[in-house]
Each structure stands twice: as C-alpha cells, then as structure tokens.
Amino acid sequence: MSNFQLALVITFGVILALYVGFNTWSARRNEPKKPKPEEVGGALPVGEDDARFEPGFDGKVGGATGDPVLDAQLGGQGPRLGGNLGGNASADAFPAGAVARSGNPGTYLGDRQQILDALTDAIAPIHTDGIVSGNAAIAAMPSSFRAGNKAFNIEGMNQATQTWELPKAGERYTGFQAGIQLANRHGPMNEIEFSEFVGKVQQFADTIGASPDLPDMLQEVARARELDAFASEHDAQLAFMLRAKRASWSPGYVAQVAAKHGFVPAGPGRMVMPSSIAQMPSILALTYDAQAALADDPEQSALRDVLLSLDVPHVSRSEAPFDKMRAAAEALCAEMDGVICDQNGTPLPVMVVDPIAQDLENLYDQLEERELAAGSLAARRLFS
C-alpha cells in the first residue's frame, strides 16, 4: 500500500470517527434531560391511580383546583386558564369545611360554618313548627345538590350551637334555609334553574312538614345577572409558559426540579405549590403533558414546555401569589435552561411582566370592596 493510499485510509477513518462522534454528541445533547438518580426519591409525580388532570386553554375543564372544598364541589374539575373570562365551570353541592366570608379570608373556621351567603346566593328560609332531627332532615334531602349547573344547599339552625350548618345525624334543628348560587363561571342563574331550586325546596319542606318563604324569581335573576357581570369583569387567571431553550425535559426532570422549589405532586402531569394556610387551595399549579407522564417509559418522553398558572380569585392576597409565581418561573427557567413565554410561546420581557403586579393590586381592591376578597369562600364559589 502506497503512502497516498495509507493517508486516504487514515483520513477516511478520522472523518468516520468524527461523524460518529458528532452524531453521538448531538443525540445526547438533544435527548430529554433526566433526573439525577440520587435525587429521584419521591420527586416523580406519576401514578395511574391519580385522577387529577391539568387545565387547558381551550375552555375545557380538566383538572383539580387544588382547593379541597371546591374539588369536592366540582367533582375533580378545575378552572380554565386565560385572561379575564366570563365562562364558568360546573358546581355541585358545596360541603362544609370552608372559609367564612367575614373576617380574614385566609383563616380556616372549622367544618360547622355557614355556607350560604346572601351576597352570592338566593336564600329561602324554611319555617318549622317544632324541632326537626338531623336524621329526618338528611332523609328528606334531594338526591342532587345542584339546580342546573348551580350549587344548591340546605342548612339547619343547630339547636345546641345556634349556628347554621349542613344537617348532621344526631343533631336537632329549629329551622332551615335553602340557597342556590346566583352565579359561577358558567354564567348567571336563570329562570329554569330558579324553578328547579323552588321545586327542590318545596319537596324538602313538605317532607319535614315545614313551609318555605321563597324569594321573588325576577328579583333574584336580576341580582344574578348583575353579580355575573361583576364577576366577568374581575376574573383573572394568569399563566406563564416555561419553554426549553435547547434540550427538552423529561417529566421526571421537571418534577425533580419543581420539587426543589416547593411544588408537590398532584396527579399525572400536575404539581402544585401548597398554601401556607390550612385547608386553602394551592397557590400555583405547574402542568404538563399527562400522557408523557403516564408513558411506559416517561423518561424517554420529551417536554418542550410546561405551564405555570395562578387562579387569582382563589388565592388570598396575603400569600403574595404573583410574586411567588414570578419567582418560581425565574428559578425554574434558570435551573432547567428555559425562558418565560406567554401562552403562545412568545418570550415575555420584564417590561411586560412588571405592570401585572399593579393590575392585580387594583383587582384585589375591587374584589374586597365588593366583599369578595380573593381566597374567601364567597370568591372561590363565585369564580368556580
């Protein structure tokens, strides 16, 4: 073999080695980032038994709110994401164990508190001739605590505690009141829903031998429309898209990094930042493709973006939720090599993000003036 032929062979071998090496490097560079084995621990949120799902931008409900009270009311359905929305999510029976409208909206007041509120409900007093047992009241309850898509509840005045509560077995009640929610994210209560409410109240009253004092339908429907108009103008749901700059992320990598910054698993493709106040909804939600999280080999799934969202009326002002949202977005992007974008994937400069904080302060003021402080039970029910 001549020197020329030997040089060609060597040159070809070097080129081939460089080609293979480049392809190997490129494949490793572009494969999804994976969690570090020593840190996997409890960071991965996947599990096929988890029922929650993340919300989307198409107006379809698809995830838990993170609020233990509203999750029970909505049957696991969560809010939609976007800007100021007038649409609404379904509502069912609103169980006890929530926050009263008066006082600090971030204080948990136990499971015996009044749910119905004259501000957000059409209320019908139900007068009894004597004492009614909790067992009798429970037996007389309607099969569904919903009129149309509005929450419907019946409360009793506990003879011993002199407080309104959902009827309980073994207790005794001197009177009752029924109420239907005037508005939610589905819109205002209409005449058909009010008529269904009246039918349920009358049936309950007849069963326990009582007489209801029903409100005027036209007046309550007008109140519902006015409340819905206010809610539509003051409903804010914020979302940042965190997009990978270069290498994509695996679901486990996202979960591991998010766990470092205070997020906990809440179902396939969903993590939340819990509230510091007991029994209050989560502050933020971090969501991504649930199908990727449930894949046979999730670490081979590639995520190019995740969604960080805040349902403003559901989180108390005292939690400084937007500050936490912004801090979390910046920290996650810094560690995962991502960039903060709007819902369309357009990077957001600081000059665009800064004014949002002042807009939210104005919104909080307007909600409080209407006695619908963010994070209060009344606000969470109205904006559900």
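Below: a short report on this structure. These figures come from a predicted structure and were not determined experimentally.

### Things to note about the overall build of the chain
Broken down by element type, the chain carries 10 helices and 15 strands. Relative to its 384 residues, the chain shows a buried fraction of 48%. Put simply, 73% of the contacts in the chain that link residues at least 6 apart link residues at least 24 apart. When the accessible surface of the chain is split by element, carbon and sulfur atoms take 54% of a total near 17,300 Å².

### Considering the pairing of strand 12 (residues 270–273)
Covered by surrounding structure in strand 12 are R270 and V272 together with M271 and M273, the residues of both alternating faces. The pairing of strand 11 (residues 264–265) with strand 12 spans 2 bridges and is classified as antiparallel. Paired with P265 across the bridge in strand 12 is M271. The hairpin formed by strand 11 and strand 12 contains 4 residues between the paired strands, and G267 there has a positive phi angle of roughly 125°. Bridge count for strand 12 against strand 13 (residues 284–287) is 4 bridges, and the pairing is antiparallel.

### Things to note about the packing of aromatic side chains
Under the definition given, this model contains 6 aromatic pairs. Through successive ring pairs, a cluster of aromatic residues spans F145, F152, F194 and F197. It is R370 that lies over the ring of F230; its NZ or CZ is 4.8 Å from the centre.

### Some thoughts on helix 4 (residues 191–208)
The terminal C-alpha atoms of helix 4 lie 26 Å apart, and with 18 residues this matches the ideal 26 Å at 1.5 Å per residue to within 8%. Restricting attention to buried positions, one finds in helix 4 the residues E193, F194, F197, K200, V201, F204, A205 and I208. Buried residues of helix 4, viewed axially, fall in a sector of 130°; they line one side. Across from the buried face of helix 4, at angles greater than 90 degrees, the exposed residues are I192, Q203, D206 and T207. Of the residues that open helix 4, the one with a side-chain oxygen 3.1 Å from the backbone nitrogen of I192 is N190. Phi turns positive, to about 70°, at G209, one or two residues after helix 4.

### Describing the nonpolar core
Burial of nonpolar side chains together is a common tendency in soluble globular proteins. Residues F263 and L286 are the most contacted members of the largest nonpolar core, which totals 75 residues. With 7 residues, the single largest contributor to this core is helix 8 (residues 321–336).

### Side note on the sheet that holds strand 10 (residues 237–244)
In space, the 6 strands of this open sheet follow the order 11-12-13-14-10-15, with antiparallel pairing throughout. At either margin of the open sheet sits one strand with a lone partner, and together these are strand 11 and strand 15 (338–341). Seen against the sheet, helix 6 (residues 251–260) touches strand 12, strand 13 and strand 14 (305–311) and runs at an angle of roughly 5° to strand 12.

### Looking at the environment of D216
Following the sequence through the fold, D216 ends up in the loop between strand 9 (211–212) and helix 5 (217–233). For D216, a relative accessible area of 44% translates into the label partly exposed. Separated by 92 residues in the primary sequence, D216 and A124 have C-alpha atoms spaced 9.8 Å apart. Within the local environment of D216, its side chain forms a polar contact with the backbone nitrogen of Q219, the two atoms lying 2.9 Å apart.

### Points about helix 6
For helix 6, the buried fraction is high: 8 of the 10 residues fall into the buried class. If you check which residues of helix 6 are buried, you get P251, G252, Y253, V254, A255, Q256, V257 and A258. Buried-residue contacts for helix 6 involve strand 12, strand 13, helix 7 (290–293), strand 14 and helix 8. Backbone geometry just after helix 6 places G262 at a positive phi near 95°.

### Observations regarding the side chain of Q181
Mapped onto the fold, Q181 is located in strand 6 (residues 172–181). Within the structure, the side chain of Q181 is placed 3.0 Å from the backbone oxygen of A183, a separation counted as a polar contact. Here R381 takes part through its backbone oxygen, which lies 2.5 Å from a polar atom of the side chain of Q181.

### With respect to the environment of E165
The topology assignment puts E165 in strand 5 (residues 164–165). Distance in space between the C-alpha atoms of E165 and E155 is 5.1 Å, their sequence separation being 10 residues. One polar contact links E165 to N158, side chain to side chain, over a distance of 2.9 Å. Here the side chain of E165 touches Y173 through a polar contact of 2.6 Å, side chain to side chain.

### With respect to the packing of helix 6 against helix 8
Across the interface, helix 6 lies against helix 8 with an axial gap of 10 Å and an inter-helix angle of 130°. If you check the angle between helix 6 and helix 8, you find them oblique. Both helix 6 and helix 8 take part in a crossing whose hand is right-handed. Contacts from Y253, V254, V257, A258 and K260 of helix 6 reach helix 8 at L332, E335 and M336. Its residues placed into classes, the contact of helix 6 with helix 8 shows 6 nonpolar, no polar and 2 charged.

### Regarding the packing of helix 8 against helix 9 (residues 350–369)
Axis separation between helix 8 and helix 9 bottoms out at 10 Å; the angle between their running directions is 160°. By the angle class used here, helix 8 and helix 9 are roughly antiparallel. Regarding helix 8 and helix 9, the two cross each other, and that crossing is right-handed. Residues P321, F322 and R326 of helix 8 touch helix 9, and the partners they reach there are V350, V353, D354, I356, A357, L360 and Y364. Here the contact of helix 8 with helix 9 is built from residues that sort into 8 nonpolar, no polar and 2 charged.

Thresholds applied
Residues numbered from 1 in each chain as written. Predicted model: local features only at pLDDT ≥ 70, side-chain atom pairs only at ≥ 80, totals over all residues. Heavy atoms only, no water. Helix = DSSP H or I, 4+ residues; strand = E, 2+ residues; numbered from the N terminus. Buried < 20%, exposed > 50% of the residue type's maximum accessible area, 1.4 Å probe, protein only. Contact = heavy atoms within 4.5 Å. Areas by Shrake-Rupley, 256 points an atom, 1.4 Å probe, with all protein chains shown as cover. Pairing = 2+ DSSP bridges. Phe/Tyr/Trp six-rings, centres within 6.5 Å; stacked < 30°, edge-to-face > 60°. Lys NZ or Arg CZ within 6 Å of the ring centre and 35° of its normal. Expected span 1.5 Å × (residues − 1). Arc of directions from axis to C-beta. Polar contact = N/O pair within 3.5 Å; in protein donor to acceptor, adjacent residues only side chain to side chain. Core = buried A, V, L, I, M, F, W, Y, C linked by side-chain atoms within 4.5 Å. Axes fitted to C-alpha atoms, helices over the stretch in contact; angles between N-to-C directions. Parallel < 35°, antiparallel > 145°, perpendicular 65-115°, else oblique. Left-handed = near helix turned anticlockwise from the far one by under 90°. Nonpolar A, V, L, I, M, F, W, Y, C, P; charged D, E, K, R; others polar.

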